[in-house]
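# Chains, contacts and geometry: an overview
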Amino acid sequence: MILILLGPPGAGKGTIAQALVKTYSIVQISTGDILRGEVKKGSPVGKEAAGYMNAGKLVPDSIIMDCIGIAVQSKECANGFILDGFPRTIPQADALKDLMRNFNLKLNAVINLEVPEDVLLRRLTSRRTCSNTACQAIYNVHTKPTKKEGVCDACGSPVIQRDDETVDVIKQRLVTYKDKTEPLIKYYEKDPLFHTISGLDAAEVMKELGKIL
Ligand code: AMP
């Protein structure tokens, strides 16, 4: 099964992708997680990407396509994958079409998670993420706190506020979303595989996905 999860920052793509991983035994490909891993390693890609990420801007398409090309060819992806946070621009969506054709892969659904902007802002400023790149568990200081403050329930690593989750950067990320990523809704909406779901409640999203997938 191959899925695309679309939606603004804070729509819950990561949380839903993690739930789908468990339900369908497929892997999550999050370009954000891949980039944060590169930043943590201090690799040349990470050094270039960090400037864009911390300014709430998109990392250039060429870097993203290199990351995706490597990820989809990995043997973990043989059973299927969820694209979380990719594509984010029309050129990325075009490049994905070519990539799928070249590897003879078939898309099962494009899911667009819809959440009002005030909810997005509230969610993003109160979100905390496990600093362990192999874990990436997501918490919320109000609705899903860690059992022990600042410590990941799943792996025991420190839980942090991401550098790009300050109010100013979040506002810029939402502007970037409207400008560059929202046009993807028009790009996919005529496709019968495209579905828009309210992302307000994760359990409801999973229920809706159960009917679609
Ligand atoms: P995310 O964790 O998906 O919200 O991504 C965090 C940041 O990584 C974004 O704000 C972008 O700077 C960068 N990023 C992640 N995925 C992409 C993508 N597909 N295209 C461009 N930049 C991306």
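Structure: above.
This report concerns the structure included in the present document. Predicted, not measured: the structure shown is a model, and the values here were computed from it. (Residues numbered from 1 in each chain as written. Predicted model: local features only at pLDDT ≥ 70, side-chain atom pairs only at ≥ 80, totals over all residues. Heavy atoms only, no water.)

### Focus: the overall build of the protein
When helices and strands are tallied, the protein shows 9 helices and 8 strands. In summary, the protein has a C-alpha radius of gyration of 16 Å against a globular reference of 17 Å for 213 residues, a match within 12%. Expressed as a percentage of its 213 residues, the buried residues of the protein come to 45%. The long-range share in the protein, meaning contacts at least 24 apart out of those at least 6 apart in sequence, stands at 71%. Only carbon and sulfur atoms are counted for the fraction: they give 55% of the accessible area of the protein, which is about 11000 Å². The centroid of the 28 positive side-chain charges in the protein is displaced by 3 Å from the centroid of its 25 negative side-chain charges. (Helix = DSSP H or I, 4+ residues; strand = E, 2+ residues; numbered from the N terminus. Rg over C-alpha atoms; globule rule 2.2 N^0.38 Å. Buried < 20%, exposed > 50% of the residue type's maximum accessible area, 1.4 Å probe, protein only. Contact = heavy atoms within 4.5 Å. Areas by Shrake-Rupley, 256 points an atom, 1.4 Å probe, with all protein chains shown as cover. Lys, Arg positive; Asp, Glu negative; His and termini not counted. Charge placed at Lys NZ, Arg CZ, Asp CG, Glu CD.)

### Section: the site of the ligand
Among the 16 residues in the neighbourhood of the ligand, the closest are listed as Thr31, Arg36, Lys57, Arg88 and Gln92. Gly85 places a main-chain nitrogen or oxygen 3.0 Å from a nitrogen atom of the ligand. At 2.9 Å, a side-chain N or O of Arg88 approaches a nitrogen atom of the ligand. Coverage of the ligand by the protein amounts to 96% of the 480 Å² it exposes when considered alone. Here the ligand occupies the largest cavity. (Near = heavy atom within 4 Å. Polar contact = N/O pair within 3.5 Å; in protein donor to acceptor, adjacent residues only side chain to side chain. 1 Å grid on protein atoms, 1.4 Å probe; cavity = no way out; pocket = protein on both sides within 12 Å on 5 of 7 lines; lining within 4 Å. Sits in = over half its atoms within 2 Å of the grid points.)

### Things to note about the sheet that holds strand 1 (residues 2-6)
One open sheet accounts for 5 strands, arranged 2-3-1-4-8; its pairing is parallel. The two strands at the open ends of the sheet, each matched to only one other strand, are strand 2 (27-30) and strand 8 (194-198). Across the sheet, the mean angle from the axis of one strand to that of its neighbour is 25 degrees, orientation sign disregarded. In this sheet, strand 4 (residues 109-114) lies alongside strand 1 in parallel orientation, the contact comprising 4 bridges. Among the inter-strand pairings, Ile4 is bridged to a residue of strand 4, identified as Val110. Docked against the sheet, helix 9 (residues 202-212) engages strand 4 and strand 8, running at close to 155 degrees with respect to strand 8. (Pairing = 2+ DSSP bridges. Axes fitted to C-alpha atoms, helices over the stretch in contact; angles between N-to-C directions.)

### Quick look at the nonpolar core
In this structure, Ile4, Ile29, Leu35, Ile68, Leu83, Leu96 and Tyr188 are the most contacted members of the largest nonpolar core, which totals 28 residues. The set of elements that each furnish at least two residues to this core consists of strand 1, helix 3 (44-54), helix 4 (61-72), strand 3 (81-84), helix 5 (90-102) and helix 8 (183-189). Per-element tally for this core: the top contributor is helix 4, with 7 residues. Ignoring anything within four residues of it in the chain, the contact list for Leu96 reads Ile4, Met65, Leu83, Phe86, Pro87 and Tyr188. With 20 residues, the next largest nonpolar core counts Leu3, Ala109, Leu124 and Leu209 among its residues. (Core = buried A, V, L, I, M, F, W, Y, C linked by side-chain atoms within 4.5 Å.)

Shape is all these values report; function is a separate question.
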